[in-house]
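Observations on the three-dimensional arrangement
Residues per chain, in single letters:
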Protein chains: 2
Amino acid sequence: MTKRRRRRGAASLDLVAGNGLITRRALLGGGVTFVGALGTAGTTTGAGAEPLADAPWSLAVGGITPPVQTASPFEKDVTRTLSNPRGEFRTSHARTPHQLLGGTVTPNGLHFSINHGGVPDIDPAEHKLVLHGMVRRPLEFTLESLSRHPLVTRMAFIECAGNSAPMFAKEPVQATVQMLHGLISNAEWTGVPLSALLDEAGIDPTAKWLVAEGADAQFLDRSVPVKKAYDDALIAVYQNGEHLMPGNGYPMRLLLPGYQGNMNVKYVRRIKVINQPAYSYFETKNYSQILPGGKTWRFHFVMEVKSFITYPSFGLNLKAPGLYAISGVAYSGTGRIAKVMVSADGGNSWGEAALQGPIHDKAFTRFVMPWRWDGQPAILQSRAYDDGGNAQPLRAEFVAMRGEATRPVTTPLAFPNQHYNSITSWAVDSKGDIKHVYV
Amino acid sequence: MTKRRRRRGAASLDLVAGNGLITRRALLGGGVTFVGALGTAGTTTGAGAEPLADAPWSLAVGGITPPVQTASPFEKDVTRTLSNPRGEFRTSHARTPHQLLGGTVTPNGLHFSINHGGVPDIDPAEHKLVLHGMVRRPLEFTLESLSRHPLVTRMAFIECAGNSAPMFAKEPVQATVQMLHGLISNAEWTGVPLSALLDEAGIDPTAKWLVAEGADAQFLDRSVPVKKAYDDALIAVYQNGEHLMPGNGYPMRLLLPGYQGNMNVKYVRRIKVINQPAYSYFETKNYSQILPGGKTWRFHFVMEVKSFITYPSFGLNLKAPGLYAISGVAYSGTGRIAKVMVSADGGNSWGEAALQGPIHDKAFTRFVMPWRWDGQPAILQSRAYDDGGNAQPLRAEFVAMRGEATRPVTTPLAFPNQHYNSITSWAVDSKGDIKHVYV
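Residues numbered from 1 in each chain as written. Chains lettered and ligands numbered in written order. Predicted model: local features only at pLDDT ≥ 70, side-chain atom pairs only at ≥ 80, totals over all residues. Heavy atoms only, no water.

1. Let's talk about the pairing of strand β9 (residues 184-193) of chain A
Residue and element names in this part refer to chain A. Within β9, ten of the ten residues are buried, leaving the element largely enclosed by the surrounding structure. As defined by bridge partners, strand β8 (residues 152-159) adjoins β9 across eight bridges and the pair is classed as antiparallel. When the sheet's bridge partners are listed, T153 is paired in β9 with T190. Bridge count between β9 and strand β12 (residues 234-239): five bridges; the pairing is antiparallel. If you follow P193 over to β12, its bridge partner there is L234. (Buried < 20%, exposed > 50% of the residue type's maximum accessible area, 1.4 Å probe, protein only. Helix = DSSP H or I, 4+ residues; strand = E, 2+ residues; numbered from the N terminus. Pairing = 2+ DSSP bridges.)

2. So, helix α7 (residues 395-402) of chain B
All names here are of chain B. Looking at α7, one finds that the buried residues are R395, F398 and R402. The buried residues of α7 occupy one face: seen down the axis, they fall within an arc of 60 degrees. Exposed side of α7, more than 90 degrees from the buried face: A396 and A400 are the residues found there. Lining the buried residues of α7 we find β16 (289-290) and β17 (296-297). Where α7 ends, the next residue or the one after it, G403, has phi of about 85 degrees, a positive value. (Arc of directions from axis to C-beta. Contact = heavy atoms within 4.5 Å.)

3. Structural notes on the sheet that holds strand β3 (residues 81-82) of chain A
Residues and elements named next belong to chain A. Pairing in this open sheet of three strands is antiparallel, and the strands run β3-β4-β5 from one edge to the other. Edge positions in the sheet fall to β3 and β5 (113-115), since each of these pairs with one other strand and no more. Note: strand β4 (residues 92-95) against β5, three bridges, orientation antiparallel. Opposite S92, over in β5, you have N115 as the bridge partner.

4. Points about the sheet that holds strand β11 (residues 221-225) of chain B
Residues and elements named next belong to chain B. Read across the open sheet, the five strands follow the order β7-β6-β15-β10-β11; overall the sheet is mixed. The sheet is open, and its two borders are formed by β7 (139-141) and β11, each paired with just one other strand. Ignoring which end each strand starts from, the neighbouring axes of this sheet average 20 degrees apart. As paired elements, strand β6 (residues 129-133) and β7 share three bridges and run antiparallel to each other. Opposite V130, over in β7, you have E140 as the bridge partner. Docked against the sheet, helix α4 (residues 194-201) engages β6, β7, β10 (209-214) and β15 (268-274), running at close to 140 degrees with respect to β7. (Axes fitted to C-alpha atoms, helices over the stretch in contact; angles between N-to-C directions.)

5. As for the confidence of the model for chain A
Residues and elements named next belong to chain A. Mean pLDDT over chain A: 91, with 91% of residues reaching 70 or higher. Confidence drops under pLDDT 50 across residues 1-13; counting only partners more than four residues distant or on other chains, this segment forms 15 contacts. Every residue in residues 36-47 is under pLDDT 50, and counting partners more than four places away or in other chains gives 23 contacts. Model confidence for the complex is summarised by a pTM of 0.94, with the ipTM given as 0.93. (pLDDT = per-residue confidence, 0-100.)

6. Examining the relation of the copies chain B and chain A
If you rotate chain B by 180 degrees and push it 0.0 Å along the axis, it lands on chain A with an RMSD of 0.0 Å. In the structure described here, the two chain copies are related by an operation that fits a two-fold rotation axis. (Least-squares fit on C-alpha atoms with pLDDT ≥ 70 in both.)

7. As for the side chain of R253(A)
Residue placement: R253(A) occurs in strand β14 (residues 253-255). Here N248(A) takes part through its backbone oxygen, which lies 3.1 Å from a polar atom of the side chain of R253(A). (Polar contact = N/O pair within 3.5 Å; in protein donor to acceptor, adjacent residues only side chain to side chain.)

8. A short note on the interface of chain B and chain A
By a frequent convention, interface size equals the accessible area lost on bringing the separate parts together. Contact with chain B, which involves 128 residues of that partner, is made by 129 residues of chain A. Carbon and sulfur atoms make up 56% of the area that chain B and chain A hide from each other, which totals about 10,400 Å². At the boundary of chain B with chain A, the tally comes to eight salt bridges. A salt bridge links K319(A) to E144(B); the shortest N-O distance between them is 3.3 Å. Where chain B touches chain A, the interface holds 49 residue pairs in polar contact (both at pLDDT 80 or more). Ranked by the residues each element gives to the side of chain B that touches chain A, the list is headed by strand β19 (residues 322-331) of chain B, at four residues. (Buried area = accessible area lost by both parts, 1.4 Å probe. Salt bridge = Lys/Arg side-chain N within 4 Å of Asp/Glu carboxyl O.)

What follows is the structure in structure tokens.
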């Protein structure tokens, strides 16, 4: 009887914030009957379920098991969106469809990729990484010699500094999570600590910087503080268990957990130890942070605390009132996620979401918040906090600090500025249609 | 001077066990100069590394960024091995190439798969899961209605009860890690706790068992204790972030962390609550554990604590003496890995390996042990211990408890018995060639 009473009353008794947010205790089971409110999506079959009707795939032998399996044909739309599908002579962006994914790992086929000079086809037997400059003895590594070292494994997100850039627009761009936030992905990376290689080479104790350079036609080079190399930098050789994807740096890349994407130099062929930053094109012009008033920051390495709701979101309209699970990802380039607050009323009230553990340093944390949508307008938001005491800024705070685009943004492919980390707001109207709004 | 002295003396000062095993303190950096012993694989470039020679891929624009990226053509041999490549009317096994992978995640394309009736091509809009039997109200779920529930995410291995079965042979079968141990993989799974669905349906408190049935032509059905459903069972809908692979249960499967693979029923279409086991074909005949003397166990659910070295291993011979990192995976269907011991002298002495954290419940843990191979014969072994106090059995212990194959095993595709979890031993001869041996 206790259980039954709890079930019937759950939606009204366990509200934690306005407009239908339900306590995360509901996640522990028994408290909420999701299916009871699912309408036609979850109907009962009556007491007599037997015999079950056989579907066509129950009545015939299936297909051949292939050497490398791929997604179901029914998942054909779960792909990266391409900014340059014909490979014209300009940068290519491939964005991850976060609104169609779950959990925290980005599968390798869907990891985002930006290539300024195309995707190189590198022979790992010929590729070499040179470690030189202010060291006692310059060294050279191949994929094979790196692989003989003790490797370490960790989860880490990589986020382009220009991820979410359309949100600098003065008016909210109507676009999916993929188009707004698809230039970030999260994977398990395995590689050699850069500190071990610097020790092998005998780094000059007065050296303060490295410059890392890629082997593709772009020759992207970026300056990295030696301190970061000793904190947690890797030369990564595996991505989610297999060697790196060609678009993610095969056969080896620099991994700088939490630092802006392009610093994680792909196809890395050189790490030179130096005593001042190189002030390369990519750090002084291409990926610069422009501030209100037109000044720029000299460097802006860390991708700051951030979250976004992946479901419900633009393009995934609700079909009927009832119970839903609001879900999204949170992360911080500073450390671990401490909590994520969710609002269904545009920030008037907030409830704490459940986090999926374990919570990794500088990696995706999935959050979930049960929600009873009563068919009235709602505005869904998430706000992340990290263990360094940093809070994801409200939009007004963010715009005051970092400014807005000075010209109209007519496409989600625009990059008016870098390092957007404020809140994303999804407005649900009474029909269940979802729009991107600013609050 | 301190650093220099430590480097020169590392290999002799920091031995932790016989035949060249080096303290895992060496993993912390600065203690071991791997490259110094790498011979030609890691040569110095001299002080003048500039300008670097440009490879062909440095001098031309690369390829088009595709919607779904795939592995480099240079990785074409990193595939699953197939027992039935033409899809004849019999079971198909696809084995994971663990000796070519790193980290802990098995990428989805390479997750092992066993299909007794081919790989079905299931339309997720048509597939339904019925929950019925001893419940107050039978329920029916689709992928869409399941996805509206609060989902949980966890790492978990799935291991076929017949994984490593060739090791029941009286004489060691010469085969790669893939052929011996390829019927296990590890992934991040996301789904609905089965306990939540049973609560929604109002399970009869006297019910003790479930029977789960798949929708493919095999109709595999297995009995599962209700207690396991409430411990940690999921109806999984995402695998490493994307919807399940067709060979791994698309669009939904039962996930029973730590239980033998076939119980994690793929394409699950029915969960019926019952009051005694179903004693189905698959639990009474096909996946039975045969004991010495010819008796069998009625049930044997848990995949017990186990580990194997993936590198060095059969097929990956050593080219020259020097420093190496012995690496492998450990796991336990009972809980978390507590430690892994490694031997280079056939079990005469053991050193504790470094574990890559975080250490997940019922999931892969990667272990690493630095090793200086001096060109003399060696026998490499790993032995895992879990946090429940269980130790991976030595071979003599295991054979005494579970027996050996009674007939000669002529192929690594044979399945003389189930649940092999003893030690794997790789013998390195003075040329660096590696054989599978029993010790």
